[in-house]
2 protein chains.
Amino acid sequence: MTGRLFVIGLGPGNPDQITPQARAAIEAATDFFGYKPYLDRLTLAPHQTRHASDNREELARAGAALDMAAAGRTVAVVSGGDPGVFAMAAAVCEAMERGPESWRGVELAVVPGITAMLAVAARIGAPLGHDFCAISLSDNLKPWELIEKRLQLAAEAGFVIALYNPISRARPWQLGRAFELFRKHLPADTPVIFGRAAGRPDERIEPAKLGEADPAQADMATCVIIGSRETRVIERQGMKPLVYTPRFAGEAR
Amino acid sequence: MTGRLFVIGLGPGNPDQITPQARAAIEAATDFFGYKPYLDRLTLAPHQTRHASDNREELARAGAALDMAAAGRTVAVVSGGDPGVFAMAAAVCEAMERGPESWRGVELAVVPGITAMLAVAARIGAPLGHDFCAISLSDNLKPWELIEKRLQLAAEAGFVIALYNPISRARPWQLGRAFELFRKHLPADTPVIFGRAAGRPDERIEPAKLGEADPAQADMATCVIIGSRETRVIERQGMKPLVYTPRFAGEAR
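Definitions and cut-offs
By convention here, each chain's residues receive numbers from 1 onward along its written sequence. All chains are assigned letters beginning at A, and all ligands numbers beginning at 1, according to the order in which they are written. Local features in a predicted model are, by the rule used here, given only for residues with pLDDT of at least 70; side-chain atom pairs are given and counted only at 80 or more, and totals for whole chains, interfaces and linings are based on all residues. Heavy atoms throughout the structure, all of them, feed into the side-chain values; hydrogens and water do not. We call two strands paired when DSSP finds no fewer than two bridges between them. Secondary structure counts use DSSP, requiring at least four H or I residues in a row for a helix and at least two E residues in a row for a strand, with both numbered from the N terminus. As a rule, the C-alpha atoms of each element are fitted with a line to give its axis, helices using only the stretch in contact, and angles between N-to-C directions run from 0 to 180 degrees. Two residues qualify as a contact provided that any one of their heavy atoms is within 4.5 Å of a heavy atom in the partner residue. To pair, rings of Phe, Tyr and Trp, with the six-membered ring standing in for Trp, must have centres within 6.5 Å; the planes then decide the type, stacked if under 30 degrees apart, edge-to-face if over 60, and tilted in the middle. In this scheme, a residue with accessible area under 20% of its type's maximum is buried, one over 50% is exposed, and one in between is partly exposed, where area comes from a 1.4 Å probe on protein chains only. We place the copies in one frame by least squares, fitting the C-alpha atoms of every residue whose pLDDT is at least 70 in both. Salt bridges are counted wherever a side-chain nitrogen of Lys or Arg sits within 4 Å of a carboxyl oxygen of Asp or Glu. For any pair of parts, buried area is found by adding up, for both, the accessible area (1.4 Å probe) each one loses once the two are put together. By convention, the crossing between two helices is left-handed when the near helix turns anticlockwise from the far helix through less than a right angle, and right-handed when the turn is clockwise. Asp, Glu, Lys and Arg are counted as charged, while Ala, Val, Leu, Ile, Met, Phe, Trp, Tyr, Cys and Pro are counted as nonpolar; the rest, among them Gly, fall into the polar class. Classification remark: right-handed applies to a crossover when, strands pointing away from the viewer, the course from the first strand over the helix to the second runs clockwise.

Engineer: Is there a simple way to think about the sheet that holds strand S3 (residues 49-53) of chain B in this case?
Structural biologist: Two strands in a sheet stick together by hydrogen bonds in their backbones, pointing the same way (parallel) or opposite ways (antiparallel). Residue and element names in this part refer to chain B. An order of S3-S2-S4-S1-S5 is seen for the five strands of this open sheet, with the pairing classed as parallel. Of all strands in the sheet, those bounded by a partner on one side alone are S3 and strand S5 (107-111). Pairs of neighbouring strands in the sheet enclose a mean axial angle of 20°, with direction left out of account. Strand direction decides the pairing type here: strand S1 (residues 4-9) and S5, joined by five bridges, are parallel. Looking at the pairing, Phe-6 lines up with Ala-109 of S5. The sheet contacts of helix H1 (residues 20-28) involve S1, strand S2 (31-35), strand S4 (74-79) and S5, and relative to S1 the element is tilted by about 140°.

The following block contains the structure:
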């Protein structure tokens, strides 16, 4: 008997940003896999079991979840944000492709969520209002040279750039290097947004300028958005400024 | 007296993908602006008023909403998907920047939603599992040359590419031209996904290969995802194939 596997996006942390579809999947599952801080967000019933794991063990976690689903259980793998963006959905597919044939028979349902860049953008205006890209700054799974190449081509293309996994204790210099590279391509007053815990009580959304952007403003849970040449700031009396990227660009301005 | 303006993302169309935060904002507002098909998704109370408009009139619509909010009403502008991605949040900011000073005093709250590419990706696996970009293929608001430049740099960078607004009656050839351009940079078996109405009863999620991808498979409401060289397909007996992009890339493979 083959079971089901949900890969569920919990959004950036505000419970009001969890979709009813995700809530229903959580109710349906009996076994929960995920990085502990994400599992901690759930209120489970007595018949539901947690299988917490460390952040670095995505592939092993995905395999364990597939194995249990293949045995007939209804299993959930939970991610913060959207599970398809630098998160568990790809890890589950990787594990399925490498694993035993029985895993391929598992009914897989990915439940989308609000990914960090959308939540951060919403809190400050519309910085992603025009063409944009999302790049993980982690060089654990790809060479730094490839990341630099992408950052450079993205800046050349005029994309607004959302950086995921910008910094960590094990990767302290990469964000500073990225800022240096952007400074060669973009004006010093290009808006930069440090967005952390959007929609949560400990939210911190800090606008800055590329010329003065300090990597120390970011941590592991920050999404950093770098504007394009088109990105604008609206100052407002007694209120936070808005940052947005117009829908038009180039000669069509 | 200054009122409030919500800019609300309704997600791709499945009511179970509307967040509780969006539901609460809809309940709080008295006046609703938006493209008619999005307004049609709402069930409003007798004291709530619809102000429908055509798809092309974003800036006028944003101005009308700001004007009413500045006069003290609680106003909602609704978008499909996420309002910050090629949608109304940027139009509202544009209108605010150009408009009278009183509009800047409006309390603006952007409520994020599940954007099309996330919903489409979830229904087929994890094609956005690695670095990706989102490009609007509409040359109404930017020159086609700029779009071609971005498509080319995005392919060179190895991004998975999500195309919004791929085709319409007024823009019939752009998607075909984009495919031609990608075929110069990417292998013919690169996975392409035509994703329409994800999560709705009329959903159509069709995987294809770049070499054979036919622009006629898309319409205005389709999100087209073009894989990178890393994107993979998992065939499954008696089930739909999965498409995903691994978390690793390059030498780190």
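Okay, back to it.
Engineer: Would you mind showing me how to read the packing of aromatic side chains here?
Structural biologist: How two aromatic rings sit relative to each other is given by the distance of their centres and the angle of their planes. Summed over all chains, the structure comprises 11 aromatic pairs over all chains. With a centroid separation of 6.1 Å and 75° between ring planes, the pair formed by Phe-179 of chain A and Phe-194 of chain A is classed as edge-to-face. Placement of the pair is Phe-179 of chain A in helix H7 (residues 174-185) and Phe-194 of chain A in strand S9 (residues 191-196), with a sequence separation of 15 residues. Using a relative accessible area of 0% as the deciding quantity, one classes Phe-179 of chain A as buried. Connected via pairs of aromatic rings, a cluster forms that spans Phe-86 and Tyr-164 of chain A together with Phe-132 of chain B.

Engineer: Just to check I follow, could you spell out the relation of the copies chain A and chain B for this structure?
Structural biologist: Superposition of the two copies of the chain requires a rotation about an axis together with a shift along that axis. Between chain A and chain B, which share one sequence, the superposing operator has a rotation angle of 180° and an axial displacement of 0.0 Å; the RMSD is 0.0 Å. The two molecules are tied by a two-fold rotation axis, judged by turn and shift. Proximity to the rotation axis, assessed at the C-alpha, singles out Cys-133 of chain A in chain A; its C-alpha lies 1.9 Å from the axis. Interface overlap between copies: 100% of the residues of chain A at the interface are likewise at the interface in chain B, consistent with a symmetric, same-surface contact.

Engineer: Is there a simple way to think about the pattern of salt bridges in this case?
Structural biologist: Pairing between side chains of opposite charge can happen when their charged atoms approach one another. Residue and element names in this part refer to chain B. In this structure the tally under the stated criterion is 30 salt bridges over all chains. We note a salt bridge from Arg-177 to Glu-148, for which the minimum N-O separation is 3.4 Å. Separated by 29 residues along the polypeptide, Arg-177 in helix H8 (residues 174-185) and Glu-148 in helix H7 (residues 144-157) bring together distant segments of the chain. Judged by relative accessible area, which is 24%, Glu-148 ranks as partly exposed. A salt bridge links Arg-196 to Asp-202; the shortest N-O distance between them is 3.7 Å.

Engineer: Sorry if this is basic, but what is going on with the interface of chain A and chain B here?
Structural biologist: At the junction of the two partners, chain A supplies 75 residues and chain B supplies 75 residues. When the two sides are added together, the surface that chain A and chain B hide from each other amounts to roughly 6,300 Å², 62% of it contributed by carbon and sulfur. The largest per-residue losses of area from chain A upon contact with chain B belong to Leu-141, Arg-150 and Arg-247 of chain A, which jointly make up 12% of the total buried on that side. Where chain A meets chain B, there are 10 salt bridges.

Engineer: I'm lost on the environment of Pro-187 of chain A in this one. Help?
Structural biologist: Residues and elements named next belong to chain A. As for its placement among the helices and strands, Pro-187 is situated in the loop between H7 and S9. C-alpha separation for the pair Pro-187 and Asp-214, spaced 27 residues apart in sequence, amounts to 16 Å. Apart from residues no more than four positions distant in its own chain, Pro-187 is found in contact with Leu-210 and Arg-229.

Engineer: Please clarify how unusual backbone geometry should be interpreted in this entry.
Structural biologist: Across the chain, the bulk of peptide bonds are trans and the bulk of non-glycine residues have phi less than zero. Residues and elements named next belong to chain A. Despite not being glycine, Phe-86 shows a phi value in the positive range, around 50°. For Phe-86, the location among the structural elements is in the loop between strand S4 (74-79) and helix H4 (88-98). Take Phe-86: its relative accessible area is 18%, and that puts it in the buried class.

Engineer: In this structure, what is going on with the packing of helix H6 (residues 144-157) of chain A against H7 of chain A? I would like to understand it.
Structural biologist: If you want to describe how two helices pack, look at the angle between their axes and the distance between the axes. All names here are of chain A. Between H6 and H7, the least distance of the axes is 10 Å, while the angle of their chain directions is 35°. The chirality of how H6 crosses H7 is right-handed. Residues Trp-144, Glu-148, Leu-151, Gln-152 and Ala-155 of H6 lie in contact with H7, whose contacting residues are Gln-174, Arg-177, Ala-178, Leu-181, Phe-182 and His-185. Looking at the contact of H6 with H7 residue by residue, the class counts come to six nonpolar, three polar and two charged.

Engineer: Got a minute to help me understand the environment of Ala-134 of chain A in this structure?
Structural biologist: Checked against the element boundaries, Ala-134 of chain A lands in strand S7 (residues 132-136). Taking C-alpha positions, Ala-134 of chain A is 18 Å from Leu-210 of chain A, a pair spaced 76 residues apart along the chain. Once you skip the residues sitting within four places of it in the chain, Ala-134 of chain A turns out to touch Phe-86, Met-117, Ala-162 and Tyr-164 of chain A together with Asp-131 and Phe-132 of chain B.

Engineer: Quick question: what am I supposed to make of the pairing of S7 of chain A here?
Structural biologist: Look at any regular strand and the pattern is simple: side chains alternate between the two faces of the sheet. Of all five residues in S7 of chain A, five are buried; the element is thus mostly enclosed. Here S7 of chain A pairs with strand S8 (residues 160-164) of chain A via five bridges, running parallel. Residue Ile-135 of chain A lies in a different strand from S8 of chain A, and its bridge partner there is Leu-163 of chain A. At this point the chain moves from S7 of chain A, through H6 of chain A, to the parallel S8 of chain A, and the crossover so formed is right-handed. Pairing geometry for S7 of chain A and strand S7 (residues 132-136) of chain B, over three bridges, is antiparallel. Within S7 of chain B, the position partnered with Cys-133 of chain A by the bridge is Cys-133 of chain B.

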